[in-house]
Amino acid sequence: MLFGYVDFSVVGDSYNRLYKKIFEDKLPCRNIKENNGALSFRTSIEYVKDIKELCEILNLEYEINNKKGLFTLFYNFKKHIGIIVGAFLMIVICFVLSNVLLRVRILSDDSVVKKDIIGVLKENNAYTGSYIPNLNATQLERELKQKVDGISWAGISISGSTLTIDVVENINSPESNKKRLPSNLVAKRDAVVDKIEVLDGQLMTSVGSGVTKGATLVSGVITTEKTRYKDGKEVTDTYTRYVRSIGKIYGTFEETVNVFQPFDDKEKIISDKTKTKRYLKVFDAELPLFLTFPKGNYKCRATEKHFLLFGFELPVSIKKVKLNEISSENVKLSQKEAKSKAYSTVAKYEKNFYKDYKIKDKSIDEKIENDGVRLTVKYKLYGEICEENEFFIQK
């Protein structure tokens, strides 16, 4: 009875034929006894089917009072296979998730620093879905300090399935500590000097003077003369020292900008047809709920909806991305449309290149040509007109 046993209870008019059949078929039965007209015995689990068939042939009623052994345990296991397999899968999932990186937290408000850190992490295979035991925190810290320009220190800690990166951003030292070579302040454009602010250096111009591009406005070479008398004669000693010129020179200057807008142009078109893609997001890990992503250029808008449990927000959500395709096509602009785009280009140019200057005057010469619109814009600007130019001391 290696695999277990079963206790039978048989009821009938006569048990002689049952005894005879048990002995003929050599069925192993133990503890055979009659009690109050019922026959009870114990047999091995592998002979239960034979005993049942024998009782049916002899028209005897039977009951199974007890089952024990490995086979019984396996039978009970089979009856509850769903619960047991579910529990086993939960254990496996908990083990896997506890060793898989699901979230990366970067303790910095600088978007550029965050982007650079994420790039370094990806180079070292540290991203959502990575196997945590394979991550080397010490090596990651060293890589971050070497490759991310905006930080001076980085610390990494792993708690559960979250990787936390704490950084100390660079504190720029004063500019005066960086530049040690003597320098001049030179004009970076032709202008008329309106205002002078000099902290160090030898001023070489005056308010109201006209200067040309490249002319020295403040010199880093300061020459002084001292007069003394020796043996009744006047002697002049000349002393030269070299400094870094510090100051600002403001002036008024003129510039001309030409803008041409052709009638034949290309226009960006955003499709009204929206494609929607969904992700299952667990912490920072995003699992796509689609097979393929459309190719091309798209305008994207993402929304995220978290699952709730008893009013509490879970770290599991559905991220919905709406895509509108961006394409370009050749268009024929009218004269009015071309002029509008040309003036828009001028406005963008002013915003990008003249944001540090005051526009004192502006005149626009508009010319309609066969293939487009040409604008010639003349500016009268006011602002800083000098830049620093370092030099080496001659021996």
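Just so it is clear, the structure is predicted and the values come from calculations on it, not from any experiment. Throughout this document, residue positions are counted from 1 along each chain, in the order its sequence is written. Per-residue local features of the predicted model are confined to residues with pLDDT of at least 70, and side-chain atom pairs are confined, for both listing and counting, to 80 or more; whole-chain, interface and lining totals are unaffected and use all residues. Excluding hydrogens and water, the side-chain values take into account all heavy atoms of the structure.

Asker: Even after reading the chapter, I still don't get the packing of helix α5 (residues 111–123) against helix α6 (residues 137–147), so can you show me in this structure?
Answerer: A packed helix pair is summarised by two numbers, namely the angle formed by the two axes and the spacing between the axes. Viewed as axis vectors pointing N to C, α5 and α6 meet at an angle of 135°, and their least axial separation amounts to 10 Å. Considering the angle they form, α5 stands oblique to α6. Handedness of the crossing formed by α5 with α6: right-handed. Two secondary-structure elements touch here, α5 through I117, V120, L121 and E123 and α6 through L140, E143, L144 and K147. Classification used: nonpolar for Ala, Val, Leu, Ile, Met, Phe, Trp, Tyr, Cys and Pro, charged for Asp, Glu, Lys and Arg, polar for all others including Gly. Of the residues contributing to the contact of α5 with α6, the split by class is five nonpolar, no polar and three charged. Every axis corresponds to a line fitted to the C-alpha atoms, with the helix fit spanning only the stretch in contact, and the corresponding angles, defined between N-to-C directions, vary from 0 to 180 degrees. The helix count covers DSSP runs of H or I at least four residues long, the strand count covers runs of E at least two residues long, and both are numbered beginning at the N terminus. By definition in this entry, angles of less than 35 degrees are roughly parallel, angles greater than 145 are roughly antiparallel, angles of 65 to 115 are roughly perpendicular, and the rest are oblique. Left-handed describes a crossing in which the near helix is turned anticlockwise from the far one by less than a right angle; the clockwise case is right-handed. A contact between two residues is defined here by any heavy atoms of the two lying within 4.5 Å.

Asker: Any chance you could explain a nonpolar patch on the surface here in plain terms?
Answerer: Like charges within 9 Å and nonpolar side chains (Val, Leu, Ile, Met, Phe, Trp, Tyr) within 5 Å are joined into patches, using only residues over 30% in relative accessible area that form no salt bridge. Surface accessibility follows the Shrake-Rupley procedure with a 1.4 Å probe radius. Residue values consider only the protein chains on display as shielding. Each reported salt bridge corresponds to a side-chain nitrogen of Lys or Arg within 4 Å of a carboxyl oxygen of Asp or Glu. Together, F307, L309, F310, F312 and L314 make up an exposed nonpolar region whose accessible area comes to about 570 Å². Going through the elements one at a time, β18 (298–309) and β19 (312–332) are the ones with two or more residues in the nonpolar patch.

Asker: Any chance you could explain the sheet that holds strand β17 (residues 285–288) here in plain terms?
Answerer: The strands making up a sheet associate through hydrogen bonds between their backbones, and the pairing can be parallel or antiparallel. Strand pairing requires that DSSP identify at least two bridges connecting the strands. Across the sheet, which stays open at both edges, the four strands sit in the order β17-β16-β19-β18 with antiparallel pairing between neighbours. Two strands close off the open sheet at either side, each with one partner strand: β17 and β18. Pairs of neighbouring strands in the sheet enclose a mean axial angle of 35°, with direction left out of account. Pairing of strand β16 (residues 264–282) with β19 involves 16 bridges; the strand directions are antiparallel. What sits directly across from K277, in β19, is V321.

Asker: What is the right way to read α6 from this model?
Answerer: All buried positions along α6 are accounted for by L140, E143 and L144. For α6, the buried positions fall inside an angular range of 100° around the axis, keeping them on one side. The exposed set on the far side of α6, more than 90 degrees from its buried face, consists of T138 and Q146. Of the surrounding secondary structure, the elements contacted by the buried residues of α6 are α5, β6 (151–159) and β7 (162–169). For α6, the capping residue at the N-terminal end is N136, with a side-chain oxygen 3.2 Å from the backbone nitrogen of T138. The cut-offs for exposure are 20% and 50% of the maximum accessible area for each residue type, with area from a 1.4 Å probe on protein chains only; residues under the lower value are buried, those over the upper are exposed, and the others partly exposed. The directions from the helix axis to the C-beta atoms form the arc being described. Each polar contact in these results corresponds to two N or O atoms within 3.5 Å; when the atoms are within protein, one needs to be able to donate a hydrogen and the other to accept it, and residues that are neighboring in sequence are counted only if both atoms are side-chain atoms.

Asker: When you look at the pattern of salt bridges in this model, what are you seeing that I'm missing?
Answerer: Close approach of charged atoms allows side chains of opposite charge to pair. One pass over the structure, following the stated rule, counts 14 salt bridges. E304 serves as the salt-bridge partner of K281, at 3.5 Å between the closest nitrogen and oxygen. Of this pair, K281 sits in strand β16 while E304 sits in strand β18, placing them 23 residues apart in sequence. By relative accessible area, K281 is classed as buried at 15%. With its nearest N and O atoms 2.8 Å apart, the salt bridge here joins R374 to E369.

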